[in-house]
Amino acid sequence: MSLKLEELDSHLFKCADIIRDAVDPTDYKEFILPLVFYKAMSDEFEKEREDIVEEYGEDFADDNELYDVPVVPEGHRWDDLRQTSDNVDQAINAAFDELIAENPELEGIFNASYTDADALTDDRLTKLLEHLDTYDLDRDSVPPDMLGEAYMDLVRHFAEEEGKSGGQFFTPPHIVQLCIRLVDEFEDGMTFHDPTVGSGGMLTEASKYYREEQSGDPSKLTFTGQEINPDIAAIARMNLALHALNGEIRREDSLLRPAFTDGDELERFDRVLANFPFSADWAKSDLQDDPYGRFDWHEKLPRADRGDYAFIMHMVKQLKTPESDDTGGKAAIVIPHGVLFRTHESRYRKPMLENDIVEAIVGLPENLFQNNGIPSAILVLNTNKPTGRDGEVQFIHAADEGFYNELSNQNELTEEGLDHIVENFRSWTTEERVSRTVELDEIRENDYNLNIALYVDTTESKEDIDVESELAKLQELQAERDEIGETMMEHMEALKYE
């Protein structure tokens, strides 16, 4: 019987139980995810090796060009690790080092040292290896999309264990799904990029959407991302590899040192998806004369302690344009609400709007993220807006209760809420208290203020009053009051009170 996703999820979640109390919950991902990755790579390598030997003979088994996965050196494969009983931590470190030496393109993918974690004893590590050995993880045993989904479920599990800090590398799935659906209609050959990629959830969800909703082949798409945190970048790299996706994750600060460039220009993509760190510091002083000309919307750059518009300008430069690429690009960017209406930032909203690249703004409920509870929105950009939408912006107010469930410690957009948002966006619908398409002239009159409440009535609706029914209730209460008054008077007379 084939393994189901729920079974694989449950199996991988138990890894944390084995090392619980030995390492801090914030470090689970550092020690478990690399072993899952290594197990999957080693199993697939062994499977491909068997196939090569069977088809071409033993002499061809050492031809590295025949393998579709990283070559795992002899003496450091999964079964070799399992047979180690002493100094298991050293054996794991050595296996990772040898894998990197054989496959230099994997440099930087393993960052944790198992010998530095004193509480990860031989006994614990042996139990962890034996537990992971339960299932074969080669691609015939577990399809890449399922293994990749289980890996992302494990990342989500660890993010929840970490609490607020986990929100730095994991965007809730319902928000990711909404971003994807707002820029869908993918085609073979398209390129996807996330400049603050985190664990890579935006990219892998796009591949899943193409496969499941458009019956497309994700291997015909290209996925790239950049991440400043080396440990998180490593998670994203493993994520792409386990999903068997084409692409690359590079580690660096996207604003200070963009890694995807083409000469003196940034590479441009068909789709840009991002949930950048809200109102974070950025290297303003180092980028006064940006060689890529990204921050030219106004002579004054965004504040050094509030890099929101620096990220937005960076992403706009990464979008394909009809003038340069014969096709346009789309972006779905998660933003804090302040981006829409901060007074001193109208200088950036004006060129963004006058260039007519803002297609929609979707206001979301508060408390959707693990690491902050502030209201957020999704900014949908399009450098080639379809006919009929030029000169207009659609505002969608999706912060009411009908769009989300209130959970114990975090709100979550519902499936019905997601469908409602996407349906209104696709049909360009104006719906009372929910959505409205607005001419650019009206936005100019509001001094480029994009506060959703200026364009959509967001006040809570009040129930209609049934006057006749309310009068009848009042008459009943008055009659009841009169009856009680008469009874009271009778009692007072009986007691000789006047």
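All residue numbers refer to positions counted from 1 along the written sequence of the respective chain. It should be noted that, the model being predicted, local features are given only for residues of pLDDT at least 70 and side-chain atom pairs only at 80 or more, the latter also being counted only at that level, while totals for whole chains, interfaces and linings use all residues. Computation of side-chain values: all heavy atoms of the structure, hydrogens and water removed.

**Quick notes on the UniProt feature "domain: N6 adenine-specific DNA methyltransferase N-terminal" (unreviewed entry) in the chain**
UniProt positions are given in the numbering used here, feature names are shortened, and annotations may be inferred rather than shown by experiment. In the numbering adopted here, UniProt assigns the feature "domain: N6 adenine-specific DNA methyltransferase N-terminal" (unreviewed entry) to residues 8-132. Its end C-alpha atoms 10 Å apart, residues 8-132 is made of 58% helix and 0% strand. Here a helix means four or more residues in a row that DSSP labels H or I, a strand means two or more in a row labelled E, and each is numbered from the N terminus.

**Quick word on helix H9 (residues 230-242)**
Over its 13 residues, H9 extends 18 Å from the first C-alpha to the last, a length consistent with the 18 Å expected when each residue adds 1.5 Å. Relative accessibility decides the category of a residue: with a 1.4 Å probe and only protein chains considered, values under 20% of the type maximum give buried, values over 50% give exposed, and everything between is partly exposed. Within H9, 10 of the 13 residues are buried, which leaves it mostly tucked inside the rest of the structure. Inspection of H9 places Ile-232, Ala-233, Ala-234, Ile-235, Ala-236, Arg-237, Met-238, Asn-239, Leu-240 and Leu-242 among the buried residues, and these make up the whole buried set. Looking at the buried side of H9, the elements it contacts are helix H2 (28-56), helix H6 (144-162), helix H8 (201-213), strand E2 (222-227) and strand E3 (247-251). By definition here, a helix of n residues has an expected span of 1.5 Å times n minus one. Between two residues, a contact is recorded if the distance between any of their heavy atoms is within 4.5 Å.

**Some points on the sheet that holds E2**
Two strands make a pair as long as DSSP finds a minimum of two bridges between them. Taken in spatial order, the 9 strands make up an open sheet running E3-E2-E1-E6-E7-E9-E8-E10-E13, and their pairing is mixed. Of all strands in the sheet, those bounded by a partner on one side alone are E3 and strand E13 (435-439). Each neighbouring strand pair of the sheet contributes to a mean axis angle of 15°, computed without reference to strand direction. Across 4 bridges, strand E8 (residues 358-363) lies against strand E10 (residues 392-397) in parallel orientation. From the neighbouring strand, Val-362 faces E10, where its bridge partner is Ile-396. H9 rests against E2 and E3 of the sheet, and its axis sits at about 175° to E3. To get an axis, fit a line to the C-alpha atoms, keeping to the stretch in contact for a helix; angles then go from 0 to 180 degrees between the N-to-C directions. Across the face of the sheet, helix H10 (residues 308-317) comes into contact with strand E6 (271-275), strand E7 (330-336) and strand E9 (376-382) while running at roughly 175° to E7.

**Remarks on the pattern of salt bridges**
Just to be clear on terms, a salt bridge is a Lys or Arg side-chain nitrogen sitting within 4 Å of an Asp or Glu carboxyl oxygen. Counting across every chain of the model gives 35 salt bridges. For Arg-49, the salt bridge is made with Glu-58, and the minimal N-O distance between the two is 3.5 Å. Through salt bridges with shared partners, a single ionic network connects Lys-39, Asp-43, Asp-79, Arg-82, Glu-130 and Asp-133.

**Remarks on the UniProt feature "coiled-coil region" (unreviewed entry) in the chain**
On the UniProt side, "coiled-coil region" (unreviewed entry) is annotated at positions that read residues 467-494 here. Helix makes up 100% of residues 467-494 and strand 0%, whereas the separation of the span's terminal C-alpha atoms amounts to 41 Å.

**Thoughts on the side chain of Lys-320**
Relative to the elements of secondary structure, Lys-320 occurs in the loop between H10 and helix H11 (322-325). Lys-320 sits in the buried class, given a relative accessible area of 18%. Within the structure, the side chain of Lys-320 is placed 3.2 Å from the side chain of Asp-270, a separation counted as a polar contact. Ignoring any residue separated from it by four or fewer positions in sequence, one finds Lys-320 in contact with Thr-191, Arg-268, Phe-269, Asp-270, Asp-325, Thr-327, Gly-328, Gly-329 and Thr-383. Two N or O atoms count as a polar contact when they lie within 3.5 Å, although within protein this holds only if one can serve as hydrogen donor and the other as acceptor, and sequence-adjacent residues are included solely when both atoms are side-chain atoms.

**Describing the nonpolar core**
Core analysis: the biggest nonpolar cluster contains 88 residues, and Ile-312, Met-352, Leu-381 and Phe-395 have the highest contact counts within it. The element that contributes the greatest number of residues to this core is H10, accounting for 7 residues. If near-sequence neighbours (up to four positions away) are discounted, Leu-381 is found in contact with Val-316, Leu-319, Gly-329, Lys-330, Ala-331, Ile-333, Met-352, Ile-357, Val-358 and Glu-359. Side-chain atoms within 4.5 Å are what join buried Ala, Val, Leu, Ile, Met, Phe, Trp, Tyr and Cys residues into a set we call a nonpolar core. By size, the runner-up hydrophobic cluster in this structure holds 63 residues, among which are Ile-52, Leu-137, Ala-159 and Ile-235.

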